[in-house]
Amino acid sequence: MIELVVEANVDKLGDVIDFVNEKLEAASCPVKTKRQIDISVEEIFVNIANYAYGEDGGDAVLQMEFTDSPKVVSITFLDGGVPYNPLEKEDPDTSLSLEERAVGGLGIFMTKNLMDDMFYEYKDGKNILNMKKTIPQD
């Protein structure tokens, strides 16, 4: 398992994406899959940066692990912020026009649709969100 610990601040998003992309490229991840993972990582990290901690701030931990046969990347985010399970948020009604929709929730909805599997738990004072994506092989 490889790990990155960063301040939960949107200014650190570039560091997070660079870290993830470096590992995905080393795993020969196709561009389309990498983009899907990037969108999901961005959504989760920005949510942690914006909502997990108050003014005092805190860290976000990103862990990545790869398995073979099939090749799957597992990405786990951990933070010590306010307990919050984004997977419990009701999906937006995408049949409504933009004007009729409630604000927010689309990013988590996209992430749930882009990733193959997602899991949340609150354990030992930590939010733990895990998402998995199969990496297609040529």
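What counts and what doesn't
Residues numbered from 1 in each chain as written. Predicted model: local features only at pLDDT ≥ 70, side-chain atom pairs only at ≥ 80, totals over all residues. Heavy atoms only, no water. Salt bridge = Lys/Arg side-chain N within 4 Å of Asp/Glu carboxyl O. Buried < 20%, exposed > 50% of the residue type's maximum accessible area, 1.4 Å probe, protein only. Helix = DSSP H or I, 4+ residues; strand = E, 2+ residues; numbered from the N terminus. Contact = heavy atoms within 4.5 Å. Pairing = 2+ DSSP bridges. Axes fitted to C-alpha atoms, helices over the stretch in contact; angles between N-to-C directions.

Asker: When you look at the pattern of salt bridges in this model, what are you seeing that I'm missing?
Answerer: Two side chains of opposite charge can pair, provided their charged atoms sit close to one another. Per the stated rule, a full pass over the model turns up 2 salt bridges. The salt bridge partner of Lys-23 is Glu-22, with a shortest N-O separation of 3.0 Å. Overall, Lys-23 belongs to the buried group, its relative accessible area being 18%. We note a salt bridge from Asp-116 to Lys-133, for which the minimum N-O separation is 3.8 Å. Note that Asp-116 is positioned in the loop between α3 (106–114) and β4 (117–123) and Lys-133 in strand β5 (residues 126–134), a separation of 17 residues in sequence.

Asker: Can you help me understand the environment of Ala-52 in this one?
Answerer: You can see Ala-52 is positioned in helix α2 (residues 31–52). Residue classification places Ala-52 among the buried positions, given a relative accessible area of 8%. A sequence separation of 29 residues divides Ala-52 from Gly-81, and the C-alpha atoms of the two residues are 4.3 Å apart. Beyond its immediate stretch of four places on either side in the chain, Ala-52 contacts Asn-47, Asp-79, Gly-81 and Val-82.

Asker: In this structure, what is going on with the sheet that holds strand β3 (residues 72–79)? I would like to understand it.
Answerer: The strands making up a sheet associate through hydrogen bonds between their backbones, and the pairing can be parallel or antiparallel. Pairing in this open sheet of 5 strands is antiparallel, and the strands run β1-β2-β3-β5-β4 from one edge to the other. Two strands bound the open sheet, and with one partner strand each, they are β1 (2–7) and β4. The sheet shows a mean angle of 15° between the axes of neighbouring strands, direction not considered. Bridge count between β3 and β5: 8 bridges; the pairing is antiparallel. Bridge pairing in β5 places Asp-79 opposite Asn-127. Across the face of the sheet, helix α1 (residues 13–26) comes into contact with β1, β2 (59–67) and β3 while running at roughly 10° to β2. Across the sheet, α2 is in contact with β1, β2, β3, β4 and β5; its angle to β3 comes to roughly 10°.

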